[in-house]
Amino acid sequence: ETEKMLDERQKQHKENDEQGPETEFEYWRTRMAQFNNIVEQLKNPLARIVTGVLVTAKSKVLKRWRTCDNGITDALNEAKDNVKYLSTLERFTQPLYSGKPEEIIESLPSLMNNVKMMLTIARYYSTQEHMTTLFVKITNQMIKTCK
């Protein structure tokens, strides 16, 4: 189950024409909560005992376990970082949901400046894939609101 969640990180989550940027924010919040939950479970004393037994027994499963554990840590760090940067956009995307076309136009420079900042400094989100997803969702919501 955890390995499937890790594999999902490599896949682009699906878009549809109805999704706005709020779905991107929610996706990363949910992902962060899921991986936080897994990390908390792994801190459980019983989980530590099992890991200790694998180490002591020099189990062949240990290499796979360490790969998975590292993947969990990476996925949690990615989700936390993405939530941190995406949360800075939320107030700038609100007019996309409730504003008139004039208000949307007025909010775009601030929104684009914050997206540019993310592109410059975000460790994980500054990829073409993530930025494309975000721009598609921003555009989708602008079209939906202006219809």
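Structure: above.
What counts and what doesn't
- Residues numbered from 1 in each chain as written.
- Predicted model: local features only at pLDDT ≥ 70, side-chain atom pairs only at ≥ 80, totals over all residues.
- Heavy atoms only, no water.
- Core = buried A, V, L, I, M, F, W, Y, C linked by side-chain atoms within 4.5 Å.
- Buried < 20%, exposed > 50% of the residue type's maximum accessible area, 1.4 Å probe, protein only.
- Helix = DSSP H or I, 4+ residues; strand = E, 2+ residues; numbered from the N terminus.
- Contact = heavy atoms within 4.5 Å.
- Expected span 1.5 Å × (residues − 1).
- Phe/Tyr/Trp six-rings, centres within 6.5 Å; stacked < 30°, edge-to-face > 60°.
- Salt bridge = Lys/Arg side-chain N within 4 Å of Asp/Glu carboxyl O.

Take the nonpolar core next. Ranked by size, the top nonpolar core spans 19 residues in total, and within it Trp-28, Leu-86, Leu-89, Leu-111, Met-118, Tyr-125 and Leu-134 carry the most contacts. Taken together, the elements giving at least two residues each to this core come down to helix H2 (21-42), helix H4 (61-87), helix H5 (90-98), helix H6 (101-121) and helix H7 (128-146). Excluding residues within four positions of it along the chain, Leu-134 makes contact with Pro-21, Leu-86, Leu-89, Val-115 and Tyr-125. Residues Ile-38, Cys-68, Ile-72 and Ala-75 belong to the second largest nonpolar core, which totals seven residues.

Turning next to H6. In this model H6 runs 30 Å from its N-terminal to its C-terminal C-alpha over 21 residues, within 8% of the 30 Å that 1.5 Å per residue would give. Every buried residue belonging to H6 is among Ile-104, Ser-107, Leu-111, Asn-114, Val-115 and Met-118, and all of these are buried. Buried residues in H6 make contact with H4, H5 and H7.

So, about the packing of aromatic side chains. Counting across every chain of the model gives one aromatic pair. Considering the side-chain rings of Tyr-27 and Trp-28, the 5.0 Å spacing of their centres and the 85° angle between planes classify their relative orientation as edge-to-face. For the pair Tyr-27 and Trp-28, a shared accessibility class is recorded, and that class is buried.

The subject of this paragraph is the environment of Tyr-27. Here Tyr-27 is to be found in helix H2. Residue Tyr-27 is classed as buried on the basis of its relative accessible area of 16%. Through-space distance from the C-alpha of Tyr-27 to that of Ala-79 is 9.2 Å; in sequence the pair is 52 residues apart.

Time to look at the pattern of salt bridges. Opposite charge on two side chains allows them to pair when their charged atoms are near. Applying the stated criterion across every chain yields a total of six salt bridges. Between Asp-81 and Lys-84 there is a salt bridge, with the nearest N and O atoms lying 3.9 Å from each other. Residue Asp-81 and its partner Lys-84 are both found in helix H4; the two are separated by three residues, about one turn of the helix. Residue class for Asp-81 comes out buried when judged on its relative accessible area of 13%. Take Lys-84: its relative accessible area is 48%, and that puts it in the partly exposed class. The network of salt bridges with shared partners includes Glu-22, Glu-26, Arg-29 and Glu-90.

This next bit is on unusual backbone geometry. With a phi angle near 50°, Lys-58 is a residue other than glycine that sits in the positive phi range. Along the chain, Lys-58 falls in the loop between helix H3 (45-56) and H4. The class for Lys-58 is exposed, based on a relative accessible area of 73%.

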